[in-house]
Structure formats: structure tokens, C-alpha cells
Amino acid sequence: MYQNCFFMNKLKFFLIFSLLLIGSSMLYAEDGYLLWLRAKADANAQVTANKQGASIDIAMKELRTQWKGAAIQLDITNARNVAALGKEGFTITGDKSNGFTISALTEAGLLYGAYHLLRLQETNAVPATLNVSEKPSYDIRILNHWDSFGMEDNAGSVFRGSLWQPEVLPDIPDFYIQYARANAAIGINSTVLNNVNASPAVLTTRWLEKVKAIADALRPYNIRVYLSVDFSSPVRLGELNTGDPLDKNVQKWWKNKVDEVYRYVPDFGGFLMKANSEGTSGPRDYGRTHLDGANMMADALAPHNGIIMWRAFVYDPNETDRAKQAYLEFQPNDGKFRPNVIVQVKNGPVDFQPREPISPLFGAMKKTPVMIEFEIVQEYFGYANHLAYLGTLFEECLDTDTYAEGPGSTVAKTTDGSLYKHKLTAISGVANVRRDVSNWCGHHFSQSNWYAFGRLAWNHQLSAETIAEEWARQTFSNDEAFVIPVTNMMMRSREAEVDFMMPLGLHHLFAFGHHYGPEPWVEVSFARPDWLPKYYHQANAVGLGYDRTKTGSDAVAQYSPVLHAAYSNLETCDERFLLWFHHVPWTHKMRSGHTLWDELCYRYDNGLQEVRDFQKTWDRIEQYIDPERFAHVQSRLRIQVSDAIWWRDACVLYFQTFAKRPIPYGLERPTTDLETLKMIDLVDFNYREKADRSKERGRTIPKVIGGGYQE
Ligand code: BDP
């Protein structure tokens, strides 16, 4: 009887266990939830450590369950060669048959070393012997979640996607851990929980308790939390009647608030500030400058070693050229900011367009730390409907030479502390991570942008191609027949988007009210001119493009002399930025030998043909991956092709009304009349009733837009 009972219990246990296993594998069955962490946890590796700790435990568990090789030793040490790699660096030494030793000064370093080793394994790249030394390019590698977290005054609204599910806190759902692992595996060590258009409510007790719960969950993965704050919080929370940064009471309010935040989260990172931009409050509301505001916040944070990331994304309705404004407001104050202020600058001077030249602030702020802000979420890249690998965009910006201190003064070097010896270094990316889609990002390939941001933040010398390949191997398959064509497709994908949306330096041709489709013709009576495409493309009978030379807005003068000279001259200007800097006659002879008009038509056509080619590439690799993800991507590529046709038809037909020339005869013809295209009304795209209205007008809006956006 006892025996039987024992047997029954065992059987029951076995059955429940198997059901759980089947259940969990069904739940996560290649739906993208596992991201780049798909290693089977069925190993039983021998792993030892010379110290104990929360992060070491994680490193040990990851290795024990996934590492398929010989023994691993984890060593905390302050040996000189290891200590020189700083508080997050590590070394890995040893060989395949005797095992490897990961050494680091801190637990975090060991964690990163463990993920490094697992990445080598999962990309089939473990060599016979290893002698690796790694340390990150930037100290703060941070995701900016444009999440509605903390929006009490706007309950239930989703700004740009929602990740945290704050209603379940302080319980920590499993996806938090997966999020933390995914970030730690690529070296991301910081996260801003809420959107830059912040609500003051985030600084109230109710929300600070949630911030604490998140911080506690992420801490063992070496991830620190930060918050976006509303500059007028003391006023909007009803506690003071001014937010003037020079007012003693305001300074005290912030100091006390900061002290309170640190009581919840002792290793809190600091604040992110979007001030006086797109309607947010800021020091200018009180007759003060960004400098006054930033330094006041910095003083409140300094006693706790907190920092303030002050965004340079500001623009004034009265200025002539929006592209000049960040520089005009920030550059004159170089050197006057407190040491714990870092100015956060979007990669380009306008706003995350498919292609922009670099912001002129890189290399122009020599005495103030500057950090890049990339947009990982595909706000201007077809949302989560399009396959657009942005590793190439990030790389293009990082590698651009500012010539600020002579040749070799790349954007990377102006921001990583090497050129200007700043102690504070950081890089940020607006995240595309959300929980209302099982694969986190909407499009499976959008995951690669999160991955690429993290890898480049860790090592800005890595090439976008290496990263794409690494990602494809871990996320899908190590089969060369898959990896080679897919990497190739990824590498071409951003350029394809540029071509079918805004080639040759065109920018902001997006519709009014959303950033999905084209509306280069749009007129909106109440809109500021710089909200509308005509402001940017300046099409007329003579030509196309924004004159930013000295005959125009002279934005070129904000660049260092070498770039200034190169961009100013129509003959030497990089053609990728031609229409950004020049108003160019339709008849202008391009380097290809085509006229500008013909070249424009070729570019639009090329973008479309590229995407069609991606469809073929994808169909050919079907046998190498699971049916679920295959079908998902295949379906998105269909939307992308139809969007590319939409963009090409809209832009080519519209610009043709000015150029008055035929589309080169060898090219495919448009498929829809301009007048019909103009009837597509996606204004307030996020509101279903309007979306339905546009359906009546003959175009079905692609259903899944995702990627940080509400459908
Ligand atoms: C723009 C977005 C807007 C953001 C803004 C920003 O469309 O929603 O608030 O950037 O960066 O591109 O603050």
C-alpha cells in the first residue's frame, strides 16, 4: 500500500511535471518570447565561484543550465589586468577541454562574462582557447521606455506602448525576469521606466512603491532604474505655486523629493527631462533657461550621485529652421552645466527620420558630456509592420566623423569620454519593448534593433553586420543557408526604407497626425509650418529640398569647418544628404549621371524592388525555421511591399506635379492616382472610428502596427 501510494505520487508528479513542461513549451513555442535567449536549459555544467551574491547566482544558474562545455570558474578579483577593465569589465581565459575562467572586479562583470560565453556557444563560435578582455564603451547603457507608467492623470492611456503592467506590482511577473535577462545578455544596465512626456504622478508614493518593486527585481541583473519627470511637478502636484528653478522653495522641494526617491531606491540612477518641448513644461515657463533648470535638478541629485539627462530635443515656433534649434539653445552654455548633467541629443538635428545627418551638437559640446539618443522603436520605419534593421543606422551615426578635433573625431569618440575625457558617459535608445505582443516588439525582426542597440552600447566598434549575424544565429538558426541571406537582407533593409520613403536627404514627408504613411502635400490650417512636410521638402517648379546653406537657413554653419565646407557645396555634399542641405534643380546632374528627377524615381523604385526581393529571400528560407515565426514575418513583408508601393506612388506622383517630367520609361508605373492617394485619411490614426472612415475611402489600414504603438 505504502509502496503503491509512493508510486502513484511519483506518477502524479511525473504527469504534472510533463504537463507543465508541455504547457510552458507551448506557451513560449517559438513565438519570440525567448528573444535571443533560446539556449536549451538542459545542461548540467560544472560551475564554481569564489564568492556568493545575487548576480553571481544568476550567472551560475545560467551557465549550469545552458553551458555544454567543460567546467567554468567565476572569480571576483582585483588583479591589475582585471581591475583595469573597470566595474563592469571581465576576462575569459582557458580552453575548451580544461574549461574557462571568467574573472571580474565585480559581480556585474561576471554576469556579463557568463552571457558572453553563452553567446559564443549559441553562435557556434567557441574557439579552442580563449583570452578575452571586455569592457563597455559607455558607462550608462540605457533604454528609454515611452511607457504610460505613472500616468495617474491619464489613466488607461497608452502613449507609446506599455511594458510594465503596474497593476500587478509588487508581484513580479515572469516577463520582468525575461526582460532583465535579455538586457543583461547584451549589456544594457539602465532603464527609464516612463515616457518623456512624464506625468507628475510618478513622483507620488503610490508610484514610487512600484518603482521600488521594479528596481528590486532588476537590480540582480545589474539594471538601475531612472525616471522621466515633469519640470513643473511641484506645481502640478499642488504643492507650490511656482516651478521657477531659481526659487529657493522649488530647489528645496526637488531636494526633498529626490531624498524621498532614494529612500525607496538607494541606487536610483537619476532623472530624464524633456523640458519646453512639444508642450511640456520647463524652465522657460518661468523665464529661465535650460541651464538654470538642469543645474537645479543636478544639485538635488548630486548628494546621491544621481544624474540628470537633459534632452536637447527642443524647438521654438518662432525660429526659422527647426534643425538649428537644439544647437542654438545648448551650445552657448557648453561648460556651464554641473558635472552630473549630461545632454541627451537625438542622433540627427530634427527627429529620428529614416536618414538624417548627425546633430551638429556632437563635437560642439566639448566641456559638457553629451549622450546620443537613438530611436529603437520604428516610429519612422513602418512601425512594427516593416522589416528595418537599424544596426546600420546606429553604426552610421557612431562612425560619422565630426572632424571636431581633426580627422577621427567620430561621434562615438565625442560621446564615449575618449576625446573629451568626460567622466560621465552614456548612450540611450527609445525602446520598442512591450507586453501586449508575445514577441515583445511586434515584428520578430524588430527584436534585432533592441539587440543591436545593446551590443553597440557595449562595444561601439562592433560592426552592424557582425551584430545582425549574431542576432540571426541566436534568434533563428545557425544554418549558413539561413544566416547568410538573412544577414544580407537585414543589412539592406534600412537603406530600402530610406529609398522608398525619403531618399537623397528628404525628410518628414509623413502624414499629419501619425508617422506611418506619406502625405507630402498635406495642409492643416492650425498646424505650425514645421509640423508639415512642405516645410521640409520645399518642392517647387525649380527643384526640391531645403536650402540650409548660407543662401538659406545656414544650418551648415553649425558643423565643424570640414563638414561645413563639404555639406555647403552641391558638388561635394554627400548625396545621401543632398536634399537636406540644398534646394536642388530638377535638372541637376547626379553622380550616377541621372538628373535629380530621374534619380529620385530610381531611388523610390529601388526601395520597392528591394522589399520585393526580401520577400523572395524569406520564402526561400522557410525550411530552416519554425512555421509560426516564418508565417508571421512573411505576412509583415506583404504589408511592407504594399506600403512601399503606397510611398512610391504618393511621392513620385506628387513631386511630378512640380518636376513636370516623365517617370523614366524603364521603371514600373504607379498603381494608384494621386487624387485617390490623397483621400487616404489617417489623421488621428490611433482612433478607431477615423480608421474605419479611411477604410470606407478604399484603403484598409494595415492592422498590426505595434512596436511601441497602440494599434
Ligand atoms: C517624436 C515623437 C513624440 C515624442 C518626441 C520626443 O513623435 O511622440 O514625444 O519625439 O522625442 O518623434 O519627445
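Each chain has its residues counted from 1, following the order in which its sequence is written. Side-chain atom pairs in this predicted model are given and counted only at pLDDT of 80 or more, local residue features only at pLDDT of at least 70, and totals for whole chains, interfaces and linings cover all residues. Each side-chain value is derived from all of the structure's non-hydrogen atoms; neither hydrogens nor water enter the calculation.

J.: Can you walk me through the pattern of salt bridges in this structure?
T.: Two side chains bearing opposite charge may form a pair once their charged atoms approach each other closely. The working definition used for a salt bridge is a side-chain nitrogen of Lys or Arg within 4 Å of a carboxyl oxygen of Asp or Glu. Counted under the stated rule, the structure contains 43 salt bridges. With its nearest N and O atoms 2.7 Å apart, the salt bridge here joins glutamate 396 to arginine 494. Of the two residues, glutamate 396 is situated in helix α11 (residues 391–399) and arginine 494 in helix α15 (residues 480–501); the sequence distance between them amounts to 98 residues. For glutamate 396, a relative accessible area of 18% puts it in the buried group. The partner of glutamate 675 in a salt bridge is lysine 678, with the nearest N and O atoms 3.9 Å apart. Of this pair, glutamate 675 and lysine 678 both sit in helix α21 (residues 674–678), 3 residues apart, roughly one helical turn. Linked by salt bridges that have partners in common, Arg355, Glu396, Arg494, Glu495, Asp574 and Arg576 make up one network. Secondary structure elements follow DSSP: runs of H or I of four or more residues count as helices, runs of E of two or more count as strands, with numbering from the N terminus. Residue exposure (1.4 Å probe, protein chains only): buried if accessible area is under 20% of the type maximum, exposed if over 50%, otherwise partly exposed.

J.: Where do I start with the confidence of the model for the chain in this structure?
T.: A low pLDDT score tells you not to read the predicted coordinates there in detail. With 90% of its residues at a pLDDT of 70 or more, the chain has an overall mean of 91. Per residue, pLDDT measures the predictor's confidence, with a range of 0 to 100. The criterion used for residue contact is that any of the two residues' heavy atoms lie within 4.5 Å. Contacts for the low-pLDDT stretch residues 1–8, under 50 throughout, to residues beyond four places or in other chains number 0 contacts.

J.: Is there a simple way to explain the packing of aromatic side chains in this structure?
T.: Aromatic rings considered in pairs are described by the distance between their centres and by the relative angle of their planes. Paired rings are identified among Phe, Tyr and Trp, the last through its six-membered ring, by centres lying within 6.5 Å, and are further divided according to the angle between planes into stacked (under 30 degrees), edge-to-face (over 60) and tilted (the rest). Considering all chains together, one arrives at 44 aromatic pairs under this definition. Ring centres 6.0 Å apart and planes at 70 degrees place the aromatic pair tryptophan 254 and phenylalanine 271 in the edge-to-face group. Highlighted residues: tryptophan 254 in helix α8 (residues 248–264) and phenylalanine 271 in strand β9 (residues 270–273), separated in sequence by 17 residues. On the accessibility criterion, phenylalanine 271 (0% relative accessible area) is buried. Site record: aromatic cluster; members linked through ring pairs are Tyr33, Trp36, Trp164, Phe175, Tyr176, Tyr179, Trp440, Trp450 and Tyr451. The aromatic ring of tryptophan 440 is capped on one face by arginine 435, whose charged end is 4.6 Å from the ring centroid. Whether a charge lies above a ring is judged from NZ of Lys or CZ of Arg, which has to be within 6 Å of the ring centre and within 35 degrees of the ring normal. For the cation-ring pair, arginine 548 lies above tryptophan 580, with the distance from its terminal atom to the ring centre recorded as 4.8 Å.

J.: Teacher, can you tell me more about the sheet that holds strand β1 (residues 47–49) here?
T.: Sheet strands associate in pairs through backbone hydrogen bonding, adopting either a parallel or an antiparallel arrangement. If you trace the 5 strands from one edge of the open sheet to the other, you get β1-β2-β4-β3-β5, paired in mixed fashion. A single partner strand is all that each edge strand has here, and the edge strands are β1 and β5 (129–134). Within this sheet the neighbouring strands show an average axis-to-axis angle of 15 degrees, counted without direction. With 3 bridges joining them, β1 and strand β2 (residues 72–76) adopt parallel strand pairing. Among the inter-strand pairings, threonine 48 is bridged to a residue of β2, identified as glutamine 73. Its contacts with the sheet put helix α4 (residues 107–122) on β2, β3 (90–95), β4 (99–104) and β5, and the angle it makes with β4 is roughly 145 degrees. The pairing criterion is simple: DSSP has to find at least two bridges between the two strands. All axes are obtained by fitting lines to C-alpha atoms, using only the stretch in contact for helices, and the reported angles, taken between N-to-C directions, cover 0 to 180 degrees.

J.: Would you mind showing me how to read unusual backbone geometry here?
T.: Both trends apply: most residues other than glycine have a negative phi, and most peptide bonds are in trans. The omega torsion across leucine 169 and proline 170 is 10 degrees, close enough to zero to call that bond cis. With a phi close to 55 degrees, leucine 35 is a non-glycine residue in the positive phi region. By secondary structure assignment, the location of leucine 35 is in the loop between α1 (2–27) and β1. Residues other than glycine seldom take positive phi values, yet glutamine 538 does so here, at roughly 55 degrees. Along the chain, glutamine 538 falls in the loop between α16 (533–537) and β14 (543–544). For glutamine 538, a relative accessible area of 36% corresponds to the partly exposed category.

J.: Would you mind showing me how to read the sheet that holds strand β12 (residues 370–375) here?
T.: Spatially, 8 strands are ordered β6-β7-β8-β9-β10-β11-β12-β13 in a closed barrel, and the strand pairing comes out parallel. Taking the axes of each pair of neighbouring strands and ignoring which way they run, one obtains an average angle of 25 degrees across the sheet. Relative to β12, strand β11 (residues 341–346) runs parallel, the two sharing 4 bridges. Residue pairing across strands places valine 345 opposite isoleucine 372, the latter belonging to β12. Against the sheet, helix α9 (residues 290–301) makes contact with β8 (224–229), β9, β10 (307–311) and β11, and its axis sits at roughly 160 degrees relative to β10, the strand it touches most. Contacting β6 (140–144), β12 and β13 (426–430), helix α13 (residues 447–458) crosses the sheet at an angle of about 160 degrees to β6.

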